[in-house]
Amino acid sequence: RLLAHVGWLITILDAVVMGVFGAIGATKALSLGVGVVGALVVGVLGAIGGGMLRDVVLNLPVSFLHVGTLYAVAAGAGVGVVIGLLALGVPTPVAAIVGVVVTTLTRVASVVFGWTFPERPSVGRSGS
């Protein structure tokens, strides 16, 4: 019952942690010479991995698999910003902080404003 009253706080903290793990994953991958695309994949997987683990442990539906949510998009936006800023020569701590802010704002805004991807209508099979 207590968690129902602090749902907004959990959403914000989840978004911040998602951004932190995304920035850590991307910067670590880049430091190991993985390349931009690999760093993007590692960063996004790191960002959504913590939420997946939380959902599995709490026996909840996995957040980023909900149809239409912008969970992974928020992670990708933040990680993309980190990688882009690093490519422009911005210091790693600054790039990481900006990436966390982008991830957090994207995720929180998607929840507050109800932003989702449109669902594709199901296509029925015609009998042959």
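Residues numbered from 1 in each chain as written. Predicted model: local features only at pLDDT ≥ 70, side-chain atom pairs only at ≥ 80, totals over all residues. Heavy atoms only, no water.

Draft legend 1. Spatial organisation of the overall build of the chain. Regarding its fold elements, the chain presents five helices and zero strands. Starting at the N terminus, the α and β elements of the chain follow one another as α-α-α-α-α. With 128 residues in all, the chain has 30% of them scored as buried. Carbon together with sulfur atoms contributes 73% to the accessible area of the chain, which is approximately 8100 Å² in total. (Helix = DSSP H or I, 4+ residues; strand = E, 2+ residues; numbered from the N terminus. Buried < 20%, exposed > 50% of the residue type's maximum accessible area, 1.4 Å probe, protein only. Areas by Shrake-Rupley, 256 points an atom, 1.4 Å probe, with all protein chains shown as cover.)

Draft legend 2. A look at a nonpolar patch on the surface. On the surface, a nonpolar cluster with roughly 770 Å² of combined accessible area is contributed by Trp8, Leu9, Ile12, Leu13, Val16, Val17, Val20, Phe21 and Ile24. Tracing the chain through its elements places Val17 in helix 2 (residues 7–31). Here Val17 falls in the partly exposed class, since its relative accessible area comes to 41%. (Patch = residues over 30% accessible without salt bridge, like charges linked within 9 Å, V, L, I, M, F, W, Y side chains within 5 Å. Salt bridge = Lys/Arg side-chain N within 4 Å of Asp/Glu carboxyl O.)

Draft legend 3. Structural view of the pattern of salt bridges. Summed over the entire model, instances satisfying the criterion amount to two salt bridges. Here Arg54 and Asp14 are joined by a salt bridge, their closest N and O atoms 2.5 Å apart. In this pair, Arg54 sits in helix 3 (residues 36–57) while Asp14 sits in helix 2, placing the two residues 40 residues apart along the sequence. Overall, the relative accessible area of 15% leaves Asp14 in the buried class. Note that Arg54 is salt-bridged to Asp55, the shortest N-O span being 2.9 Å. Its relative accessible area of 26% is what places Arg54 among the partly exposed residues. A single salt-bridge network, built from bridges that share partners, covers Asp14, Arg54 and Asp55.

Draft legend 4. Molecular detail of the environment of Ser31. Checked against the element boundaries, Ser31 lands in helix 2. Take Ser31: its relative accessible area is 54%, and that puts it in the exposed class. A distance of 2.7 Å separates a polar atom in the side chain of Ser31 from the backbone oxygen of Lys28. (Polar contact = N/O pair within 3.5 Å; in protein donor to acceptor, adjacent residues only side chain to side chain.)

Draft legend 5. Here's a closer look at the confidence of the model for the chain. Model confidence for the chain is summarised by a mean pLDDT of 87, while 88% of its residues fall at 70 or above. Confidence, expressed as mean pLDDT per element, reaches its minimum in the chain at helix 1 (residues 2–5) with 67 and its maximum at helix 4 (residues 71–87) with 96. (pLDDT = per-residue confidence, 0-100.)

Draft legend 6. Region of the structure containing helix 5 (residues 92–113). Here helix 5 contains 22 residues, and its C-alpha end-to-end distance of 31 Å stays within 8% of the 32 Å for a straight helix at 1.5 Å per residue. Inspection of helix 5 places Ala95, Ala96, Gly99, Val100, Thr103, Thr104, Thr106, Arg107, Ala109 and Ser110 among the buried residues, and these make up the whole buried set. In this fold, the buried residues of helix 5 make contact with helix 2 and helix 4. Following helix 5 by one or two positions, Gly114 adopts a phi angle in the positive range, close to 70 degrees. (Expected span 1.5 Å × (residues − 1). Contact = heavy atoms within 4.5 Å.)

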